[in-house]
Amino acid sequence: MILAGPGSGKTTVVTNRILNMIDNCKVNPENILVITFTRMAALQMKERFLKLASESDVHDNAELYNDVTFGTFHSVFFWMLRNAYNYTAANIVTDSEKYGAIRDSIDRHGFRYDSQEDFAKNVVGEIGNVKSERASLENYESTTMKPEDFRVVYDEYENFLRRCGKIDFDDMLVFTYELLSERPDILKLWQGKFRYILIDEFQDINMIQYDIVKLLAGESQNVFAVGDDDQSVYGFRGAAPAIMKKFPEDFHGTVIEYLNVNYRCSYDIVECSKRIIQNNRDRYEKQLRSAFAAGQSDRVHIVKTDSMPDQNKKIIDRITELNRAGIPYCDMA
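Computed from a predicted model, the values in this text were never measured in an experiment.

Asker: What's the story with the overall build of the chain in this structure? I'm lost.
Answerer: Scanning the chain from terminus to terminus reveals twelve helices and eight strands. For the C-alpha atoms alone, the extent of the chain along its principal axes is close to 60 × 60 × 35 Å. Sequence separation of 24 or more characterises 77% of the internal contacts of the chain that already satisfy a separation of 6 or more. The average position of the 41 basic charges and that of the 51 acidic charges among the side chains of the chain differ by 2 Å.

Asker: Looking at this structure, how should I read the layout of surface pockets?
Answerer: To find the voids left in a structure, one rolls a probe of water-molecule size over its atoms. Counted as a void, the largest pocket has a volume near 950 Å³. Taken together, 23 residues make up the lining of the largest pocket; nearest its centre are Arg299, His301, Arg318, Leu322 and Ala333. With seven residues, helix α12 (residues 308-324) is the single largest residue contributor to the lining of the largest pocket.

Asker: So what exactly am I meant to see when it comes to the sheet that holds strand β4 (residues 196-199) here?
Answerer: Hydrogen bonds between backbone groups are what pair the strands of a sheet, and the pairing can be parallel or antiparallel. Ordered by their spatial adjacency, six strands build an open sheet running β3-β2-β4-β5-β1-β6, and the pairing between neighbours is parallel. Each edge of the open sheet carries a strand with a single partner, namely β3 (69-72) and β6 (257-259). Geometrically, the sheet is characterised by an average inter-axis angle of 15° between neighbouring strands, direction not taken into account. Across four bridges, the pairing between strand β2 (residues 32-36) and β4 is parallel. Along β4, the bridge assignment pairs Leu33 with Ile197. Packing against the sheet, helix α2 (residues 39-54) makes contact with β2 and β3, and its axis sits at approximately 160° to β3. Contacting β4 and β5 (223-227), helix α9 (residues 207-217) runs over the sheet at an angle of about 155° to β4.

Asker: Which parts of the structure should I look at to understand helix α3 (residues 73-85)?
Answerer: One full turn of an α-helix is made of 3.6 residues, so residues set three or four places apart face in the same direction. If you check α3, its first and last C-alpha atoms are 18 Å apart, about what 13 residues at 1.5 Å a residue would give, namely 18 Å. Listed as buried for α3 are Phe73, Val76, Phe77, Phe78, Met80 and Leu81. Against β2, β3, α7 (169-182), α8 (184-193), β4 and α9 lie the buried residues of α3. Taken from the residues just after α3, Asn86 is the one with a positive phi, measuring 60°.

Asker: I'm lost on unusual backbone geometry in this one. Help?
Answerer: Leave glycine aside and you will find that most residues have negative phi; peptide bonds, for their part, are mostly trans. Not every positive phi belongs to a glycine, and Arg134 is a case in point at roughly 50°. Checked against the element boundaries, Arg134 lands in the loop between α5 (116-132) and α6 (147-164). Assessed through its relative accessible area of 39%, Arg134 is described here as partly exposed. The phi angle at Gln221 is positive, at roughly 50°, despite the residue not being glycine.

Asker: Can you walk me through the side chain of Thr144 in this structure?
Answerer: Along the chain, Thr144 turns up in the loop between α5 and α6. At 3.2 Å, the side chain of Thr144 forms a polar contact with the side chain of Glu126. In this structure, Thr144 is in contact with Tyr113, Phe119, Asn122, Val123 and Glu126, ignoring residues within four places of it in sequence.

Asker: I keep staring at the pairing of β5 and nothing clicks. Help me out?
Answerer: Counting buried positions over the five residues of β5 gives five, a clear majority of the element. Judged by which residues are buried, β5 turns out to be covered on both faces: Val223, Ala225 and Gly227 on one side and Phe224 and Val226 on the other are all buried. Two elements, strand β1 (residues 2-4) and β5, share two bridges in a ladder whose sense is parallel. Its bridge partner lying in β5, Leu3 is registered against Gly227. Pairing of β4 with β5, which is carried by three bridges, proceeds in the parallel orientation. Its bridge partner being in β5, Ile199 is matched across the sheet by Ala225. For the crossover from β4 across α9 to β5, the handedness is right-handed.

What counts and how
Each chain carries its own residue numbering, running from 1 in the written order of its sequence. Since the coordinates come from a predicted model, pLDDT governs what is reported: local features require at least 70, and pairs of side-chain atoms require 80 or more to be given and counted, while whole-chain, interface and lining totals use all residues. Where side-chain values are given, they derive from all heavy atoms of the structure, hydrogens and water being excluded. Only DSSP runs of H or I with at least four residues qualify as helices, and only runs of E with at least two residues qualify as strands; both kinds are numbered from the N terminus onward. Note on contacts: a residue pair qualifies if any of its non-hydrogen atoms lie within 4.5 Å across the two residues. When charges are counted, Lys and Arg are positive and Asp and Glu negative, with His and the chain ends excluded. Note on charges: their place is set at NZ of Lys, CZ of Arg, CG of Asp or CD of Glu. Grid points spaced at 1 Å over the protein atoms alone were grouped into cavities, where a 1.4 Å probe fits but cannot get out, and pockets, open sets with protein on both sides within 12 Å along at least five of seven lines, with lining residues defined by an atom within 4 Å of a point. Grid points are joined across faces, edges and corners, and a volume is the space filled by probe spheres set on the points. Paired strands, as defined in this entry, are two strands with at least two bridges between them according to DSSP. A fitted line through C-alpha atoms represents every axis, and for helices the fit uses only the stretch in contact; the resulting angles, taken between N-to-C directions, go from 0 to 180 degrees. Helix span, expected: 1.5 Å multiplied by one less than the number of residues in the helix. Working definition: with a 1.4 Å probe on protein chains only, accessible area under 20% of the residue-type maximum means buried, over 50% means exposed, and in between means partly exposed. Distance and chemistry together define a polar contact, namely a pair of N or O atoms within 3.5 Å, with one atom able to donate a hydrogen and the other to accept it when in protein, and with adjacent residues in sequence counting only for side-chain atoms on both sides. By convention, orient the strands away from the viewer: a clockwise path from the first strand over the helix to the second makes the crossover right-handed.

Now the structure itself:
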């Protein structure tokens, strides 16, 4: 497990590791699975790797490197379901269908809550949490609506999906877990296919994704996880950075390495960030430092505003001020 602080070059580490596995350890590229959390991140990771590989003089056959699988959890799991159940893209419920079914159920039963639009989104989010955490619906305490009302909407939504032959993104996780748990023959097939698993942004993993990874890893437990528990932002959809604390318990013989040099931010930004994040108690202790020396850049300025429009105006005024001082807009973020 690589604990990689922000700006510490984790993508460089992952891509170089893949290349080393193929060129020096003679690993078959077809046996390597690289997972990250967004389609864009997966595409960028693949592009970075292929660019790096193109500079390698170990193999004459450049096509070999294209055999590494890069994807998101959902794309990889849907691949498994497609092979098992002949699913197609037409089986994936659209957002409009999903929200339409939820709103129909709410209206049909006369459930009335404030902010109906946000309310429907919150209900969908909670349905996802129940599925991804494999929680008991009977014991689930909804924070969005009365528990008995939530159970009615949940059941009707599930009936809608089954009636229409549809699955949602959370079903992809649940069905994959059930498939691999209940069919040892299919599990063995995929374990043989993906003998080396690399996971980027590991702090964003949720429990069911983690359980599927453990199934795929099998007895080899050959998992290379890269993440930073200080950077988890997807708690609202079930991500649990505490899973990173469990990793050494579940994968025996785990070696933990630290990428603790930030090549992106100034000394002052890193020091200020450290003072804030140190207040979190349930985290891996890290000694993050900037690659830049103190005094090489402006200090961190803390600006207090009364409202979002006031905040926006202050940002615009500062951008204008810097541009008039000769700094191009393309040099600002």
